[in-house]
Amino acid sequence: MTYEIYIKGKADGLKASCGVVVLKEGEQVMSNGKFFEEYIFTKSEKVPLIEYKAQFQMELYALAWGLTYCVDGAEIEVYSNNLAIVGWINKWEVSEEYEPVFDFCKHWAERKTIHASHIKKGTNEYIDQADTEATFFTS
């Protein structure tokens, strides 16, 4: 089974959001976004947003969220316009400050093969859709 996950994170101070689009065998199965202020709330944890770094936390959150839609044994291509995130996913490691969110990625990545690629906004409808899902404010 093959999947594509498109992720986007945005942040402004301690307000942050993410967008994710998931395709299974080329068909869209999910598209959504979430907004957080000061903390990322999950069923079991309250993770503080890191000022000036929350966008990275949001990209990782979006990845974990997208992975929940993928079955064991899946081949997954992740797309982000953030080069740092692409590198982290391909190395499968992050700095310590991002570990609380990355732990969710590791949990949902079990028994799956994951690779990440860089994609520019404006070049693919799904990365643009993830960007729209992540929008939480207008300037």
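Our structure is the block above this text.
What counts and what doesn't
- Residues numbered from 1 in each chain as written.
- Predicted model: local features only at pLDDT ≥ 70, side-chain atom pairs only at ≥ 80, totals over all residues.
- Heavy atoms only, no water.
- Helix = DSSP H or I, 4+ residues; strand = E, 2+ residues; numbered from the N terminus.
- Buried < 20%, exposed > 50% of the residue type's maximum accessible area, 1.4 Å probe, protein only.
- Contact = heavy atoms within 4.5 Å.
- Pairing = 2+ DSSP bridges.

Participant: Even after reading the chapter, I still don't get the environment of valine 20, so can you show me in this structure?
Facilitator: Within the fold, valine 20 resides in strand β2 (residues 15-24). What makes valine 20 buried here is its relative accessible area of 0%. The spacing of valine 20 and aspartate 128 is 108 residues in sequence and 10 Å in space, taken between C-alpha atoms. Setting aside its immediate chain neighbours within four residues, valine 20 contacts Ile5, Tyr6, Ile7, Met30, Ser31, Asn32, Ala62, Trp65, Gly66, Ala130 and Glu133.

Participant: What is the right way to read the pairing of strand β6 (residues 75-80) from this model?
Facilitator: Regular strands place their side chains on alternate faces of the sheet. Most of β6 sits out of view: 5 of its 6 residues are buried. The pairing of β6 with strand β7 (residues 113-118) spans 6 bridges and is classified as parallel. Each residue of the ladder has a partner; that of glutamate 77, found in β7, is histidine 115.

Participant: So what exactly am I meant to see when it comes to the pairing of strand β1 (residues 2-12) here?
Facilitator: The pairing of β1 with β6 spans 5 bridges and is parallel. Residue pairing for β6: tyrosine 6 is matched across the bridge by tyrosine 79. Sheet analysis places β1 next to β2, joined by 10 bridges and oriented antiparallel. Opposite isoleucine 5, over in β2, you have valine 22 as the bridge partner. Taking the residues between adjacent antiparallel strands as the criterion, β1 and β2 are bridged by 2 residues, where glycine 13 takes a positive phi near 65°.

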